[in-house]
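# Examination of the molecular architecture
Given next are the chains, with one letter for each unit.
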Amino acid sequence: MTENSSTNQIKKTTSLNTLNGNDKIHRNKYIEEFVCIKRILETIDTNNFIVNRIYKDVKTYIEVNCDHSVIDDYVDLDPDNGGKPIKYCEYCYKSF
Ligand SMILES: [Zn+2]
C-alpha cells in the first residue's frame, strides 16, 4: 500500500518535469530550494572545509542554472539622497 503510493508520487513528479512549458518554472523552483540551502550553509561554521565545498558547489549550481531575471530597485540607506540604485536577480538574489 505505502509502496504503491510512493511509486505513484515518483511517476507524477517525473511527468511534471517533462512538461515543456513548465521547464522554466520547475528549474527556478529548484533554484529557490538551492537559495534556501545556501542561506542555511551561510549560518554554519565556515572554517569547515566540507561545508565550504558544499557552499561553493551550491553557489555554482545557482549561478549556472538560474534563469536570471534582473530587476532594478533602490536601497534606502540614505533617504536624503533618494536611495542607492541596485540590480539583482528576483530568483537567486545575485546582484548585478
Ligand atoms: Zn538568478
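How each quantity is defined
- Residues numbered from 1 in each chain as written.
- Predicted model: local features only at pLDDT ≥ 70, side-chain atom pairs only at ≥ 80, totals over all residues.
- Helix = DSSP H or I, 4+ residues; strand = E, 2+ residues; numbered from the N terminus.
- Buried ≥ 20, exposed ≤ 12 C-beta atoms within 10 Å, placed from the backbone.
- Contact = placed C-beta atoms within 7 Å.
- Pairing = 2+ DSSP bridges.
- pLDDT = per-residue confidence, 0-100.

## Section: the overall build of the chain
- Along the chain, the regular secondary structure elements total three helices and two strands.
- Along the chain, helices (α) and strands (β) appear in the sequence α-α-α-β-β when read from the amino end.
- Residues classed as buried in the chain amount to 3% of the 96 residues present.
- Of all intrachain contacts in the chain linking residues separated by at least 6 positions in sequence, the fraction that spans at least 24 positions is 35%.

## Focus: the pairing of strand S2 (residues 84–89)
- Little of S2 sits out of view: just zero of its six residues are buried.
- Bridge count for strand S1 (residues 70–75) against S2 is six bridges, and the pairing is antiparallel. Bridge pairing in S2 places Asp-73 opposite Ile-86.

## What about unusual backbone geometry?
- If you check the backbone angles, Tyr-93 has positive phi at about 65 degrees while not being a glycine.
- Along the chain, Tyr-93 falls in the segment after S2.
- Accessibility expressed as a C-beta count within 10 Å gives 12 for Tyr-93, which makes it exposed.

## Remarks on the environment of Ile-86
- Positionally, Ile-86 belongs in strand S2.
- On the basis of neighbour counts, which here come to 12 C-beta atoms within 10 Å, the residue Ile-86 falls in the exposed class.
- Separated by 12 residues in the primary sequence, Ile-86 and Tyr-74 have C-alpha atoms spaced 5.6 Å apart.
- What Ile-86 contacts, discounting residues up to four positions off in sequence, is Asp-73, Tyr-74, Val-75 and Ser-95.

## Considerations on the confidence of the model for the chain
- Here the chain shows a mean pLDDT of 77. Residues at 70 or above account for 69%.
- Here helix H1 (residues 2–17) is the element of the chain with the lowest mean pLDDT, 42, and helix H3 (residues 49–65) is the one with the highest, 94.
- Low pLDDT, under 50, characterises residues 1–20; the predicted model gives this stretch two contacts beyond four residues in sequence or across chains.

## So, the environment of Phe-96
- Along the polypeptide, Phe-96 turns up in the segment after S2.
- In the structure, Phe-96 is positioned 26 residues away from Val-70 in sequence and 7.7 Å away in space, judged by C-alpha atoms.
- Residues contacting Phe-96, with those up to four places away along its chain left out, are Val-70, Lys-87 and Tyr-88.

## Regarding the environment of Ser-69
- Note that Ser-69 resides in the loop between H3 and S1.
- Setting aside anything within four residues of it in sequence, one finds Ser-69 in contact with Cys-89, Glu-90 and Tyr-91.

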